[in-house]
Amino acid sequence: MVFDWASERPFWMIGCGNMAGAMLTRWLAAGAPANGITVIRPSGVAPAAGVQTLTALPEGPVPRLVLLGIKPQQLDAVAPALAARIGPETVLVSILAGTGCASLRARFPAAGAIVRAMPNTPVALGRGVVALTGDRVDAVTALMRPLGLVEWIDDEEDFHLVAALAGSGPAFVFRMIDALAAGAADLGLAPDQAARLALHMVEGAGALAAGAGESPARLADRVASPGGMTRKGLDVLDADQALARLMRATLDATAARGREMAAAFR
Ligand SMILES: NC(=O)c1ccc[n+]([C@@H]2O[C@H](COP(=O)([O-])OP(=O)(O)OC[C@H]3O[C@@H](n4cnc5c(N)ncnc54)[C@H](O)[C@@H]3O)[C@@H](O)[C@H]2O)c1
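Residues numbered from 1 in each chain as written. Predicted model: local features only at pLDDT ≥ 70, side-chain atom pairs only at ≥ 80, totals over all residues. Heavy atoms only, no water.

By the naming in an unreviewed UniProt entry, the chain goes by Pyrroline-5-carboxylate reductase and is assigned to Sphingomonas changnyeongensis. Regarding the chain, the UniProt comment filed under Function (unreviewed entry) reads as follows: "Catalyzes the reduction of 1-pyrroline-5-carboxylate (PCA) to L-proline." The Pathway (unreviewed entry) field of the UniProt record for the chain holds the comment "Amino-acid biosynthesis; L-proline biosynthesis; L-proline from L-glutamate 5-semialdehyde: step 1/1." (UniProt positions renumbered as here; feature names shortened; annotations may be inferred.)

Q: Any chance you could explain the packing of helix α5 (residues 159-167) against helix α10 (residues 242-264) here in plain terms?
A: A pair of packed helices is characterised by two quantities: the angle between their axes and the separation of those axes. Between α5 and α10, the least distance of the axes is 8 Å, while the angle of their chain directions is 130 degrees. By the angle between their directions, the pair α5 and α10 is classed as oblique. Helix-helix and strand crossings are classified by hand; for α5 and α10 the assignment is right-handed. Judged by residue contacts, H160, L161, A164 and L165 of α5 engage L251, T254, A255, G258, R259 and A262 from α10. Across the contact of α5 with α10, the residue classes tally to 6 nonpolar, 3 polar and 1 charged. (Axes fitted to C-alpha atoms, helices over the stretch in contact; angles between N-to-C directions. Helix = DSSP H or I, 4+ residues; strand = E, 2+ residues; numbered from the N terminus. Parallel < 35°, antiparallel > 145°, perpendicular 65-115°, else oblique. Left-handed = near helix turned anticlockwise from the far one by under 90°. Contact = heavy atoms within 4.5 Å. Nonpolar A, V, L, I, M, F, W, Y, C, P; charged D, E, K, R; others polar.)

Q: When you look at the pattern of salt bridges in this model, what are you seeing that I'm missing?
A: Opposite charge on two side chains lets them pair, provided their charged atoms get close. Applying the stated rule across the entire model yields 12 salt bridges. Across the pair D192 and R196 runs a salt bridge whose closest N-O atoms are separated by 3.6 Å. Separated by 4 residues within a single helix, D192 and R196 lie in helix α7 (residues 191-211), roughly one turn from each other. In this structure, a network of salt bridges that share partners links the residues E214, R218 and R222. (Salt bridge = Lys/Arg side-chain N within 4 Å of Asp/Glu carboxyl O.)

Q: I keep staring at the layout of surface pockets and nothing clicks. Help me out?
A: Picture a little ball the size of a water molecule; that probe, rolled over the atoms, points out where space is still empty. Approximately 2200 Å³ is the volume found for the largest pocket. If you go around the largest pocket, you meet 43 residues; those closest to its centre are V173, M176, V202, A205 and G206. Among the secondary structure elements, those contributing two or more residues to the lining of the largest pocket are α5, α6 (169-186), α7, α8 (216-223), α9 (230-238) and α10. The element best represented in the lining of the largest pocket is α6, accounting for 11 residues. Considered class by class, the residues forming the lining of the largest pocket number 32 nonpolar, 8 polar and 3 charged. The space that makes up the second largest pocket amounts to roughly 1000 Å³. Every element with two or more residues in the lining of the second largest pocket is listed here: α1 (18-29), α2 (75-83), β6 (113-119), α5, α6 and α10. Residues belonging to the lining of the second largest pocket are distributed by class as follows: 26 nonpolar, 15 polar and 4 charged. (1 Å grid on protein atoms, 1.4 Å probe; cavity = no way out; pocket = protein on both sides within 12 Å on 5 of 7 lines; lining within 4 Å. Points joined across faces, edges and corners; volume = space filled by probe spheres on them.)

Q: Teacher, can you tell me more about the packing of aromatic side chains here?
A: Geometry of an aromatic ring pair is reported as the spacing of the ring centres plus the angle between the planes. For the coordinates displayed, the defined rule picks out 4 aromatic pairs. When the centroid spacing of 5.7 Å and the interplanar angle of 25 degrees are considered together, the rings of W5 and F11 count as stacked. Taking the centre distance of 6.1 Å and the plane angle of 70 degrees together, the rings of W5 and W27 count as edge-to-face. Of this pair, W5 sits in the segment before β1 (11-14) while W27 sits in helix α1; the two residues are 22 residues apart in sequence, bridging distant segments of the chain. Here the two residues W5 and W27 agree in accessibility, since each one is buried. Site record: aromatic cluster; members linked through ring pairs are F3, W5, F11 and W27. (Phe/Tyr/Trp six-rings, centres within 6.5 Å; stacked < 30°, edge-to-face > 60°. Buried < 20%, exposed > 50% of the residue type's maximum accessible area, 1.4 Å probe, protein only.)

Q: Just checking my understanding: could you explain the site of the ligand for this structure?
A: Around the ligand sit 21 residues in total, of which N18, M19, I70, K71 and A97 are the nearest. Across the complex, the protein chains shield 74% of the 820 Å² of accessible surface that the ligand would expose by itself. Spatially, the ligand is embedded in the second largest pocket. Those elements that place two or more of their residues in the shell around the ligand are α1 and β6. Classifying every residue of the shell around the ligand by side-chain character gives 13 nonpolar, 6 polar and 2 charged. (Near = heavy atom within 4 Å. Areas by Shrake-Rupley, 256 points an atom, 1.4 Å probe, with all protein chains shown as cover. Sits in = over half its atoms within 2 Å of the grid points.)

Q: I keep staring at the nonpolar core and nothing clicks. Help me out?
A: The tendency in soluble globular proteins is for nonpolar side chains to be buried side by side. In this structure, M13, W27, L67 and M144 are the most contacted members of the largest nonpolar core, which totals 35 residues. Among the elements that line this core, the one with the most residues is α1, at 6 residues. Apart from the residues within four sequence positions on either side, L67 is in contact with F11, W12, M13, I14, A20, M23, W27, V93, I95 and M144. Counting 17 residues, the second largest nonpolar core, distinct from the first, contains W12, I14, L82 and L96. (Core = buried A, V, L, I, M, F, W, Y, C linked by side-chain atoms within 4.5 Å.)

Q: How should the UniProt feature "domain: Pyrroline-5-carboxylate reductase dimerisation" (unreviewed entry) in the chain be read in this particular structure?
A: Cross-referencing UniProt, the feature "domain: Pyrroline-5-carboxylate reductase dimerisation" (unreviewed entry) maps to residues 156-261 in the present numbering. Secondary structure content for residues 156-261 is 80% helix and 0% strand, while the C-alpha to C-alpha distance between its ends is 14 Å.

This is the structure:
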């Protein structure tokens, strides 16, 4: 199913910061008509040419689609006025981390459907991940498809971990790129050269892993020539499961904050 921009309007985007802005960038690049989207944001500055941008909700028909792109802390400032404009024909899609479907339903009781989405910033290139949970709406799957991999998550409780892995994950990879570059610079390479090498190495390795049809573990073994040097590095990462434990603890702390937010923004 292809998303029907002509009939799924009005389409309101409430807030258009880093994340919603990345989604908008990709939708437009993938052919969405700019005049099919209305952005409501405090600055009133259009995030892209041709996108109607307002500082308050527009008059006129009930929206077919609303994308909530604000921070969870801003929800209660936005919800009452928005809820009054939403009807059974409205599909509400929220990208708010740690804000459950029940919390959204309590604030938007008239919405026809409520979907939580967890995108990540690489969606700007059409190479992101968008996890979805809540009411299964085919049009939302179709809307998200140009952004990258779309996955429905059956159990909303898993969404905290999904958010940690897919939503926050790019930040962890960016840290690793920096750490690789910093390590090489510390050991003697010119910092700018180390940064370039680290970045392109990660880009190529990710692309190779995505297209290889083999597990990352097998690909790692292919790099580690028998009796060669890579194995010595893998031994450092694998000793006492150092990297695996670090990744687990990273995801655990991230997901725990999602649960904490869910409790705070009930
Ligand atoms: N940044 C990410 O990688 C990422 C990934 C997944 C989900 N999210 C979620 O996306 C949401 C936004 O995060 P972000 O990183 O883009 O933050 P952000 O601060 O860049 O964006 C929030 C935007 O909301 C706008 N805003 C504030 N009050 C508003 C109001 N009353 N009406 C309309 N707009 C208003 C702000 O001007 C700002 O542009 C959060 O709920 C977050 O959990 C972010």
